[in-house]
Amino acid sequence: MTGWRSQWRLVLLNSLTCGLEICVAAGITYVPPLLLEAGVEEQYMTMVLGIGPVLGLLFIPLIGSASDHCNSSYGRRRPFIWLLSLGVLLALFIIPHADVLAANLSWGSSRRNQALQVGLLILGVGLLDFCGQVCFTPLEALLSDLYRDRDDCGQAFAMFSFMVSLGGCVGYLLPALDWSGGLLSFYLGGQAECLFSLLILIFMVSVLVTMKVSEEPLSTLEPGPPEPRRCFPRSCCYLFQCKLRALKSGPLMCLLRTCWSMTPAIYRSYCHVPRVMQQLCLAQLCSWMGVMSFMLFYTDFVGEGLYEGVPSAAPGTALRQRYDEGIRMGSLGLFLQCATSTFFSLVMSRLVRLFGSRSVYLSSMVCFTISALVICLSKSVLLVTAMSALTGFAYATLQTLPYTLTCHYHKEKEVYMQNSKTQIPHTNGFTITRDSVCLTLDSGPGDLNHKSGISNGHVPHSRDEPGYYPSLYQNGAHLGLESEDFEKRGVGLDFAILDSTFLLSQVFPTLFMGMIVQFTESVTMYIASSAIFGAIGIYFATHIIFDQKDLRS
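Calculation notes
Residues numbered from 1 in each chain as written. Predicted model: local features only at pLDDT ≥ 70, side-chain atom pairs only at ≥ 80, totals over all residues. Heavy atoms only, no water. Helix = DSSP H or I, 4+ residues; strand = E, 2+ residues; numbered from the N terminus. Buried < 20%, exposed > 50% of the residue type's maximum accessible area, 1.4 Å probe, protein only. Contact = heavy atoms within 4.5 Å. Areas by Shrake-Rupley, 256 points an atom, 1.4 Å probe, with all protein chains shown as cover. Axes fitted to C-alpha atoms, helices over the stretch in contact; angles between N-to-C directions. Parallel < 35°, antiparallel > 145°, perpendicular 65-115°, else oblique. Core = buried A, V, L, I, M, F, W, Y, C linked by side-chain atoms within 4.5 Å. Domains from an automatic or database assignment. pLDDT = per-residue confidence, 0-100. Left-handed = near helix turned anticlockwise from the far one by under 90°. Nonpolar A, V, L, I, M, F, W, Y, C, P; charged D, E, K, R; others polar. Phe/Tyr/Trp six-rings, centres within 6.5 Å; stacked < 30°, edge-to-face > 60°. Expected span 1.5 Å × (residues − 1). Polar contact = N/O pair within 3.5 Å; in protein donor to acceptor, adjacent residues only side chain to side chain. Salt bridge = Lys/Arg side-chain N within 4 Å of Asp/Glu carboxyl O. Patch = residues over 30% accessible without salt bridge, like charges linked within 9 Å, V, L, I, M, F, W, Y side chains within 5 Å. Disulfide = S-S within 2.5 Å.

## Structural notes on the overall build of the chain
Looking only at helices and strands, one finds 23 helices and six strands in the chain. The proportion of buried residues among the 553 residues of the chain is 49%. Taking contacts inside the chain between residues at least 6 apart in sequence as the whole, the part at least 24 apart equals 79%. As displayed, the chain has an accessible area near 27600 Å², and 64% of this comes from carbon and sulfur atoms.

## A word on the environment of Cys135
When you line up the elements, Cys135 lands in the loop between helix H7 (110-134) and helix H8 (136-146). Note: C-alpha distance between Cys135 and Gly64 (71 residues apart in sequence) is 9.9 Å. Leave out the neighbours within four places in its chain, and Cys135 touches Leu20, Ile81, Leu84 and Ser85.

## So, the packing of helix H14 (residues 275-306) against helix H19 (residues 401-411)
Relative to each other, H14 and H19 sit at 175 degrees, their axes nearing to 11 Å. With respect to each other, H14 and H19 are oriented roughly antiparallel. Along the contact surface, H14 presents Val276, Met277, Leu280 and Gln284, while H19 presents Pro402, Leu405, Thr406 and Tyr409.

## Let's talk about the environment of Leu208
Within the secondary structure layout, Leu208 lies in helix H11 (residues 191-213). A sequence separation of 193 residues divides Leu208 from Ser15, and the C-alpha atoms of the two residues are 9.2 Å apart.

## Brief notes about unusual backbone geometry
With phi around 55 degrees, Glu308 is a residue other than glycine that occupies positive phi space. Its place among the elements puts Glu308 in the loop between H14 and helix H15 (318-355). Assessed through its relative accessible area of 54%, Glu308 is described here as exposed. Located in the positive-phi region is Glu521, a residue other than glycine, with phi close to 55 degrees. The class of Glu521 is exposed, set by a relative accessible area of 72%.

## Observations concerning the nonpolar core
One finds Leu199, Met277, Tyr361, Tyr409, Ile527 and Ile544 to be the most contacted residues of the largest nonpolar core, which totals 127 residues. Broken down by element, this core gets its largest block of residues, 15 residues, from H14. Two domains each donate at least three residues to this core, and these are domain 1 (1-216 + 253-272) and domain 2 (275-415 + 488-552). Not counting residues within four places of it along the chain, the set of residues in contact with Leu199 comprises Ile22, Cys23, Ala26, Gly27, Leu92 and Leu174.

## Points about the confidence of the model for the chain
Considering every residue of the chain, the mean pLDDT works out to 76; 73% of them sit at 70 or more. Within the chain, no element has a lower average pLDDT than strand S4 (residues 448-449), which sits at 38, and none a higher one than helix H16 (residues 357-377), at 95. Confidence over residues 219-234 falls short of pLDDT 50; this stretch has 15 contacts with residues more than four positions distant or in other chains. The low-confidence segment residues 420-486, where pLDDT is below 50, has 84 contacts with residues more than four positions distant or belonging to other chains.

## Here's the deal with H8
Working note: α-helix, 3.6 residues per turn, so residues spaced by three or four point in the same direction. With 10 of its 11 residues buried, H8 lies for the most part within the structure. Taken together, the buried positions of H8 are Phe136, Thr137, Pro138, Leu139, Glu140, Ala141, Leu142, Leu143, Ser144 and Asp145.

## Some words on the packing of H15 against helix H17 (residues 381-390)
With their axes 7 Å apart at the nearest point, H15 and H17 run at an angle of 35 degrees to one another. For the element pair H15 and H17, the recorded crossing hand is right-handed. Taken together, the residues of H17 that come into contact with H15 (itself represented by Met329, Gly333, Leu336, Gln337 and Thr340) are Val381, Thr385, Ser388 and Ala389. For the contact of H15 with H17, a count of residues per class yields four nonpolar, five polar and no charged.

## Things to note about the packing of aromatic side chains
With the rule as written, the count across this model stands at 15 aromatic pairs. Between Trp288 and Phe502 the ring centres are 4.8 Å apart and the planes differ by 70 degrees, which places this aromatic pair in the edge-to-face class. Taken together, the residues Trp288 in helix H14 and Phe502 in helix H22 (residues 491-520) connect sequence positions 214 residues apart. Take Trp288 and Phe502: they sit in the same class, and that class is buried. Ring plane angle 5 degrees and centroid distance 4.4 Å describe the contact between Phe297 and Tyr526, whose orientation is recorded as stacked. In this pair, Phe297 sits in helix H14 while Tyr526 sits in helix H23 (residues 524-541), placing the two residues 229 residues apart along the sequence. The pair Phe297 / Tyr526 is uniform in exposure class, with both members buried.

## Quick look at helix H9 (residues 150-173)
Given a rise of 1.5 Å per residue, 24 residues ought to cover 34 Å, and the 35 Å separating the end C-alpha atoms of H9 matches this to within 8%. In terms of residue burial, H9 counts as a mostly covered element, since 17 of its 24 residues are buried.

## Considerations on the side chain of Ser15
The topology assignment puts Ser15 in helix H2 (residues 15-37). Residue Ser15 is classed as buried on the basis of its relative accessible area of 14%. At a separation of 3.2 Å, a polar atom in the side chain of Ser15 contacts the main-chain carbonyl oxygen of Ser206. Not counting residues within four places of it along the chain, the set of residues in contact with Ser15 comprises Met163, Ser206, Val209 and Thr210.

## With respect to the pattern of salt bridges
Here the idea is simple: oppositely charged side chains can pair when their charged atoms come close. Enumeration over the complete set of coordinates arrives at three salt bridges. Put simply, Asp145 and Arg77 hold a salt bridge, and the shortest N to O gap is 2.8 Å. With Asp145 in helix H8 and Arg77 in the loop between helix H4 (51-69) and helix H5 (78-94), the pair connects residues that are 68 residues apart, well separated along the chain. Here the salt bridges share partners, and the residues they tie into one network are Arg76, Arg77 and Asp145.

## Description of a nonpolar patch on the surface
On the surface, Ile51, Val54, Leu55, Leu58 and Phe59 cluster together into a nonpolar patch covering about 370 Å² of accessible area. Positionally, Phe59 belongs in helix H4.

## So, the state of the cysteines
With the rule as written, the count across this model stands at zero disulfides. Among the cysteines around Cys18, which has no disulfide bond, Cys169 carries the closest sulfur, lying 9.3 Å off. For Cys18, a relative accessible area of 10% puts it in the buried group.

## A word on the environment of Asp99
With respect to the helices and strands, Asp99 occurs in helix H6 (residues 98-105). For the pair Asp99 and Asn113, spaced 14 residues apart in the sequence, the C-alpha separation amounts to 8.2 Å.

Below you can see the structure in the form of structure tokens.
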């Protein structure tokens, strides 16, 4: 995939990725002051911010699998992108106008008005975080459908990571600007209304551009034989059948059918993950926990730990001024992190070609862990800010390489996702059992021979060894069904699992970091915990299957 036309098409295709990240970053950054102004206590505010990730953990596997099996005339992924984009637009409208909506919808006392305003704010925040985060899953699956070759897929997800980082830079800068003095703010009603109106405009343009550029290929997961079509153009029954067929193939009906009929199978596939995906997701979870622990609490660490300010001090006092100055410096560090991530996203494909995926992944996490340790030990503002910028390397890597590897696993399912050698029934009435045939991979590329040797990259076993044939039953479940699930699972479901690790990495720190810091009475534990998670992520990253050679170990 070379040439400026291909690169420009990738930029346009990922414009919604950039728009989503701008809206989520700017919206979530601006939400805490709005919640505090509405009367929400600080201890409950963090719980409100956790609503979106928790809902995402529940619904991401359903949406990912439903997009794999959707048979809409608009494509498999785009209907879900439209549906989730509408949720984002609704949230961007509700959040700045919660007070006006509450005043128009409520009656009676002002106390009831305030309760309704808080409820609308919570609804808007949860909807923005949920739809914004979940919408990335069908976008990633759309990229995987359009770019199937490994090199093209790597470039596509490198551009995806670049647009996410660019959106983060813009999203963090927009709330920092003063919109209250402009003419637009005068007509719209204030700072919040002006900011969110701009976010709505940016998001609508990005949605339209991505939907215009993307043309989905035909589904690789065939839903079944098509129904015979009878053409009665003048018949009312025919028109009704056409409308009914279009309704059934829509994203909402596809999602409802999935929830009704496939939920047990989806969550069985969600739990019985192939070995290669298990190792990748475990490393991804630990790595994201390190990065997200750093990003969520870095500004508070700089304000309280480095500048020795006190957030609860009275406004105008020296302690409060030091804390506010530290918050601004911490925001600068996060902006530099996004800028560094943008740079590494641009050169990620070249780094992978030069050094390999394993070296790039491990070096990024080593760089992150060392940077976090230096931040823990240093009192220099300049050094801490420089180290925070270096953590952008890991941020770019975690948004690129795991998705490229997942595309590679699905492209060569027979190699990476072969879970068992049990019997597989066929539609012609014959059954291939474990004793019928033994296909092995020779040392040459792509040679299949009926002889013993290295089987699909695994260490060969003798037929008389107890580990040669896996048990037909494990924990009461028949492995034939599990193998069947591996063959039918789509890339959308595995992307959903990867995105779930990102959401889970936000839930854990928000639940436990406060207790850890309260017990140790030191905000340095925020960064120390991220360094510990980074070290654990390095350990599990050494077990990731990057190519067929890793299957032998």
